[in-house]
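# Examination of the molecular architecture
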There are 6 protein chains.
Amino acid sequence: MASEFPASLVTPNAEEGLQLAIRLARLGVKAVQPDMDILRRLRPKYSEDAHELIASSHVIAVHFQTIARVNDYWRDQEGSCDK
Amino acid sequence: MASEFPASLVTPNAEEGLQLAIRLARLGVKAVQPDMDILRRLRPKYSEDAHELIASSHVIAVHFQTIARVNDYWRDQEGSCDK
Amino acid sequence: MASEFPASLVTPNAEEGLQLAIRLARLGVKAVQPDMDILRRLRPKYSEDAHELIASSHVIAVHFQTIARVNDYWRDQEGSCDK
Amino acid sequence: MASEFPASLVTPNAEEGLQLAIRLARLGVKAVQPDMDILRRLRPKYSEDAHELIASSHVIAVHFQTIARVNDYWRDQEGSCDK
Amino acid sequence: MASEFPASLVTPNAEEGLQLAIRLARLGVKAVQPDMDILRRLRPKYSEDAHELIASSHVIAVHFQTIARVNDYWRDQEGSCDK
Amino acid sequence: MASEFPASLVTPNAEEGLQLAIRLARLGVKAVQPDMDILRRLRPKYSEDAHELIASSHVIAVHFQTIARVNDYWRDQEGSCDK
């Protein structure tokens, strides 16, 4: 898993932040099932099923929330105490 | 996906923030299933099924939470430390 | 959707905050399925099914969390840095 | 619903905070299905089904998170910026 | 329920924080179904079913997030404004 | 469970933070079902089922959010009030 993990959670913009969230969601799946053959076999199940696609999008949304915070929402921070 | 990603997570108001949340939820789905033909075929499944509609609304709610924070909840921030 | 969207996420109290959360949850559903006839047809499905009612209450809870934060939890904020 | 809504989200302690979270979760359900007869009829369905009980506990957990924050986690706040 | 509720949400360390999160998740279930006989009868259903175990772990994760915040993440806070 | 619980929620980097999130998700499952034989028997059910894998990844995402915050998102904090 090491080789796949991003070197940093900092991204230049929100779009790459979403890509990173997708990657983290996948790493979560691989942590439970590291066998790539099984994952490949399951792919049609989740990628062609509306319910699983929405569930996947939900996991991505949770990670995006974390990534966005890591990056201070990709907005300027001029010494303010904002959150 | 690049072309569809919003240039910024900043929106003038909450209504456009919700629209952006909807867009991010869709981009999450497309990240897992980029084939538009399959997505179109699945559409009746999720858009005419109460369970999937509620699940979609849930993903939108999570992204809206992130977007609202990006935009400091669309309320004034006069140097305060508020959150 | 424009006409239905609240002019502001600020509410005088928590009760109206919950009402607003309910409204946002509905707008999320309508964003995916804008056809009111289909939504009306689905109504018995989700409003008379324990699972869907709990799922709806969950989406409302997520939006309420956002709305509560917008409104600084409807408590006084006297220059404190509190969150 | 008005009559049932708590006058305040502030509670003297965490235990009453959890009770309030339970109440908000119920108000979310009632907002979608206000007919008490239908809700009573559904009760055995969700209160004797492990899946629905866990789902209900989840909604309560989300509201408890909000209520805990409203109450500054029921811990002292002596001018600190802590969260 | 009163007798079971923890006197405080403050715990000496993260491990006891997780134990407390588990307890809060259970209190949420008991709030909806207080009859211990029914809960005992349901036990095999959720404790020997992968889906319910994961769902339970999810509720625990949400409460752990709250408890961790109550305890300032069990890390030192030396007058900093950190969160 | 004591022996398995991490001594600290602080990790040197995000990758180990994700590993810790996975561990917390598992501890949540074990809290509800401590019998390792039953858990082993259930393993094929959740590790070869797309739905359960996504659900597991979701729990991991929630814990990762907590762990990331414990570690101040693994970014520098130079006396700023940032979050």
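Residues numbered from 1 in each chain as written. Chains lettered and ligands numbered in written order. Predicted model: local features only at pLDDT ≥ 70, side-chain atom pairs only at ≥ 80, totals over all residues. Heavy atoms only, no water.

What follows is about the overall build of chain A. In terms of helices and strands, chain A carries three helices and zero strands. The linear arrangement of helices and strands in chain A, starting from the amino end, is α-α-α. Sorting the 83 residues of chain A into buried and exposed places 60% on the buried side. When the accessible surface of chain A is totalled, it reaches about 3400 Å², and 50% of it is carbon and sulfur. (Helix = DSSP H or I, 4+ residues; strand = E, 2+ residues; numbered from the N terminus. Buried < 20%, exposed > 50% of the residue type's maximum accessible area, 1.4 Å probe, protein only. Areas by Shrake-Rupley, 256 points an atom, 1.4 Å probe, with all protein chains shown as cover.)

As a further point, take the interface of chain A and chain F. Counting residues at the interface gives 36 residues for chain A and 31 residues for chain F. Together chain A and chain F conceal approximately 2900 Å² of surface at their shared face, both sides included; 67% is due to carbon and sulfur atoms. The largest per-residue losses of area from chain A upon contact with chain F belong to Phe-5, Val-32 and Arg-69 of chain A, which jointly make up 20% of the total buried on that side. Inspection of the region where chain A meets chain F yields one salt bridge. The partner of Arg-75 of chain F in a salt bridge is Asp-72 of chain A, and the shortest N-O contact between them spans 3.6 Å. (Contact = heavy atoms within 4.5 Å. Buried area = accessible area lost by both parts, 1.4 Å probe. Salt bridge = Lys/Arg side-chain N within 4 Å of Asp/Glu carboxyl O.)

The next point concerns the relation of the copies chain A and chain F. Rotating chain A by 60° about the axis while translating it 0.0 Å along that axis superimposes it on chain F, leaving an RMSD of 0.0 Å. Here the transformation between the copies is reduced to the relation of a six-fold axis. (Least-squares fit on C-alpha atoms with pLDDT ≥ 70 in both.)

In this assembly, 34 residues from chain F lie in contact with 31 residues from chain E. Summing both partners gives a buried area of about 2900 Å² for chain F against chain E, and 67% of it is carried by carbon and sulfur. Between chain F and chain E we count one salt bridge in total. Seen at the junction of chain F and chain E, the total is 11 residue pairs in polar contact (both at pLDDT 80 or more). Elements with a contribution of two residues or more to the side of chain F that touches chain E: helix H1 (14-32), helix H2 (36-47) and helix H3 (50-70) of chain F. Of all the elements, H3 of chain F adds the most residues to the side of chain F that touches chain E, at 12 residues. In terms of residue class, the side of chain F that touches chain E is built from 19 nonpolar, nine polar and six charged. (Polar contact = N/O pair within 3.5 Å; in protein donor to acceptor, adjacent residues only side chain to side chain. Nonpolar A, V, L, I, M, F, W, Y, C, P; charged D, E, K, R; others polar.)

Residues and elements named next belong to chain F. The backbone of Tyr-73 sits at a positive phi, close to 60°, despite the residue not being glycine. Its place among the elements puts Tyr-73 in the segment after H3. Judged by its relative accessible area of 4%, Tyr-73 is buried. Backbone geometry at Trp-74 places phi at a positive 55°, although glycine is not the residue there.

In this description, a pair of aromatic rings is defined by centroid distance and the angle of the planes. Residues and elements named next belong to chain F. Here the structure, examined in full by the defined rule, presents six aromatic pairs over all chains. When the ring of Phe-64 is compared with that of Trp-74, the centres are 5.7 Å apart and the planes differ by 20°; the resulting orientation is stacked. Linking Phe-64 in helix H3 with Trp-74 in the segment after H3, this pair joins segments that are 10 residues apart in sequence. Given a relative accessible area of 0%, Phe-64 falls into the buried group. By relative accessible area, Trp-74 is classed as partly exposed at 22%. (Phe/Tyr/Trp six-rings, centres within 6.5 Å; stacked < 30°, edge-to-face > 60°.)

This brings us to the packing of helix H3 (residues 50-70) of chain B against helix H3 (residues 50-70) of chain C. Two elements in contact, H3 of chain B and H3 of chain C, have axes separated by 10 Å at closest approach and are oriented at 10°. Considering the angle they form, H3 of chain B stands roughly parallel to H3 of chain C. Where H3 of chain B approaches H3 of chain C, its residues His-51, Ile-54, Ser-57, His-58, Ala-61, Val-62, Phe-64, Gln-65, Ala-68 and Arg-69 of chain B are matched on the opposing element by His-51, Glu-52, Ala-55, Ser-56, His-58, Val-59, Val-62, His-63, Gln-65, Thr-66 and Arg-69 of chain C. Looking at the contact of H3 of chain B with H3 of chain C residue by residue, the classes come out as eight nonpolar, 10 polar and three charged. (Axes fitted to C-alpha atoms, helices over the stretch in contact; angles between N-to-C directions. Parallel < 35°, antiparallel > 145°, perpendicular 65-115°, else oblique.)

Okay, the packing of H3 of chain C against helix H2 (residues 36-47) of chain D next. Between two packed helices, both the angle of their axes relative to each other and the distance between the axes serve to describe the pair. Here H3 of chain C crosses H2 of chain D at 95°, and the two axes come no closer than 9 Å. Classified by the angle their axes make, H3 of chain C and H2 of chain D are roughly perpendicular. Taking contact as the criterion, the partners of Ala-50, Leu-53 and Ile-54 of chain C in H3 of chain C are, on H2 of chain D, Leu-39, Leu-42, Lys-45 and Tyr-46 of chain D. Partitioned by chemical class, the residues of the contact of H3 of chain C with H2 of chain D number six nonpolar, no polar and one charged.

Residues and elements named next belong to chain E. Taking 1.5 Å of rise per residue, 21 residues should cover 30 Å, and helix H3 (residues 50-70) covers 30 Å from first to last C-alpha, within 8% of that figure. For H3, a buried count of 19 out of 21 residues is recorded, marking the element as mostly surrounded by other parts of the structure. The first or second residue beyond H3 is Asp-72, which carries a positive phi of 45°. (Expected span 1.5 Å × (residues − 1).)

A separate point is the pattern of salt bridges. Following the criterion strictly, the structure yields 25 salt bridges over all chains and no others. In this structure, Arg-40 of chain D engages Asp-37 of chain D in a salt bridge whose closest nitrogen and oxygen atoms are separated by 3.4 Å. Pair noted here: Arg-40 of chain D and Asp-37 of chain D are both in helix H2, with a separation of three residues, about one helical turn. Accessibility expressed as a relative area gives 54% for Arg-40 of chain D, which makes it exposed. Measuring nitrogen to oxygen at the nearest pair gives 3.8 Å for the salt bridge that ties Glu-52 of chain F to Lys-45 of chain F. Relative accessible area serves as the criterion here: at 3%, Glu-52 of chain F is assigned to the buried category.

In this fold, Ile-54 of chain E is placed in helix H3. The exposure class of Ile-54 of chain E is buried, given its relative accessible area of 8%. Those residues in contact with Ile-54 of chain E, other than ones at most four positions away along the chain, are Tyr-46, Glu-52, Ala-55, Ser-56 and Val-59 of chain F.

Further remarks concern the confidence of the model for chain A. A low pLDDT means the predicted coordinates there should not be read in detail. All names here are of chain A. When pLDDT is averaged along chain A, the result is 88; 87% of the residues meet or exceed 70. Looking over chain A, one finds the lowest element-wise mean pLDDT in helix H2 (residues 36-47), namely 93, and the highest in helix H3 (residues 50-70), namely 97. In this model, residues 77-83 is a region of pLDDT below 50 whose contacts with residues beyond four sequence positions or in other chains number 22 contacts. (pLDDT = per-residue confidence, 0-100.)

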